[in-house]
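# Observations on the model geometry
So the chains spell out like this:
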Amino acid sequence: MSAPVFHAGHDQAAYEPFEVGQVQWLRRPGDGGNQALSAGIWHVTPEDAPETFDLPIEEDETVYIVSGHLRIEVVGGDTFDLTAGSMASFSKGAKTRWTIVEPTIEFFVYS
């Protein structure tokens, strides 16, 4: 038996509600027997999060901005303006503050 492979195209009809905005899962936590690993596409608009919000990073998180603009401040550290083509990776335990500047599509991996 071969290991599972996860595949999907970006499909707006596959989005489901998320903590903020919507998500299309590529791989949910636990899929393939790996509880720590998940990935998907997050779509969020300034209307979904009209205020800056705090987000503690609960597992390592790597993001790639497909389109849009996010501002992420690491509390007590740097602030990053992420736009199309930007990438960032945050370690578990980081305390962050997010601002949705423009409607954004982000590919993310939790590990």
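Residues numbered from 1 in each chain as written. Predicted model: local features only at pLDDT ≥ 70, side-chain atom pairs only at ≥ 80, totals over all residues. Heavy atoms only, no water.

### Looking at the packing of aromatic side chains
Convention followed: Pairs were defined over the aromatic rings of Phe, Tyr and Trp, the Trp ring being its six-membered one, requiring ring centres within 6.5 Å. Orientation was assigned from the angle between planes: stacked under 30 degrees, edge-to-face over 60, tilted for the rest. Under the scheme used here, helices are H or I runs from DSSP no shorter than 4 residues and strands are E runs no shorter than 2 residues, and both carry numbers assigned from the N terminus. Per-residue accessibility, obtained with a 1.4 Å probe over protein chains only, is compared with the maximum for each type, and a residue is labelled buried under 20%, exposed over 50%, and partly exposed between these values.
Counted under the stated rule, the structure contains 7 aromatic pairs. On the basis of an interplanar angle of 25° and a centroid distance of 6.4 Å, the ring pair of Phe18 and Phe108 is categorised as stacked. Here Phe18 is found in the loop between β1 (16-17) and β2 (22-27), whereas its partner Phe108 is found in strand β8 (residues 95-110), with 90 residues between them in sequence. Residue Phe108 is classed as buried on the basis of its relative accessible area, which comes to 1%. The interplanar angle of 20° and the centroid separation of 6.4 Å between the aromatic rings of Phe53 and Trp98 together place this pair among those described as stacked. Highlighted residues: Phe53 in strand β4 (residues 53-56) and Trp98 in strand β8, separated in sequence by 45 residues. A single burial state applies to Phe53 and to Trp98, both of which are buried. Put simply, the rings of Phe18, Trp25, Phe108 and Tyr110 pair up and form one aromatic cluster.

### Quick look at the environment of Asp11
Short version of the rule: We define a polar contact as two N or O atoms separated by no more than 3.5 Å, with the added condition that, inside protein, one atom must be a possible hydrogen donor and the other a possible acceptor, whereas residues neighbouring each other in sequence contribute only through side-chain atom pairs.
Here Asp11 is to be found in the segment before β1. The partly exposed category is assigned to Asp11, whose relative accessible area is 38%. Taking the C-alpha atoms as reference, Asp11 lies 12 Å from Gln22; in sequence the two are 11 residues apart. Within polar-contact distance, the side chain of Asp11 engages the backbone nitrogen of Ala13 at 2.9 Å.

### What about the environment of Thr62?
The condition that has to hold: By definition in these notes, contact holds between two residues if any of their heavy atoms fall within 4.5 Å.
If you trace the backbone, Thr62 turns up in strand β5 (residues 61-74). With a relative accessible area of 37%, Thr62 lands in the partly exposed category. Thr62 sits 45 residues away from Phe107 along the chain, and the two C-alpha atoms are 8.4 Å apart. If sequence neighbours within four positions are ignored, Thr62 has contacts with Ala88, Ser89, Phe107, Phe108 and Val109. Among the polar contacts listed, one links the side chain of Thr62 to the side chain of Ser89, at a separation of 2.8 Å.

### Quick notes on the nonpolar core
Selection rule: We define a nonpolar core as any set of buried Ala, Val, Leu, Ile, Met, Phe, Trp, Tyr and Cys residues linked to one another through side-chain atoms lying within 4.5 Å.
Grouped together as the largest cluster of nonpolar side chains are 19 residues, with contacts concentrated most on Trp42, Leu70, Ile72, Leu82, Trp98, Ile100 and Phe108. Secondary structure elements with two or more residues in this core: β2, β3 (38-44), β5, β7 (87-90) and β8. Aside from chain neighbours lying at most four places away, what touches Trp42 is Phe18, Val20, Gly21, Gln22, Val23, Leu70, Trp98, Ile100, Thr104, Ile105, Glu106 and Phe108.

### A few points about the pattern of salt bridges
Cut-off, in case you're wondering: Salt bridges are identified by distance alone: a Lys or Arg side-chain nitrogen within 4 Å of an Asp or Glu carboxyl oxygen.
Under the defined criterion, the tally for this structure stands at 4 salt bridges. One salt bridge in this structure joins Arg28 and Glu16, with 2.7 Å as the shortest N-O distance. Here Arg28 is found in the loop between β2 and β3, whereas its partner Glu16 is found in strand β1, with 12 residues between them in sequence. In this structure Glu16 comes out as partly exposed when scored by relative accessible area, which is 27%. As a salt-bridge pair, Arg97 and Asp54 come within 2.7 Å of each other at their nearest N and O atoms. Here Asp54 lies in strand β4 and Arg97 lies in strand β8, a separation of 43 residues in the sequence. When its relative accessible area of 29% is taken as the criterion, Arg97 is described as partly exposed. Take Asp54: its relative accessible area is 51%, and that puts it in the exposed class.

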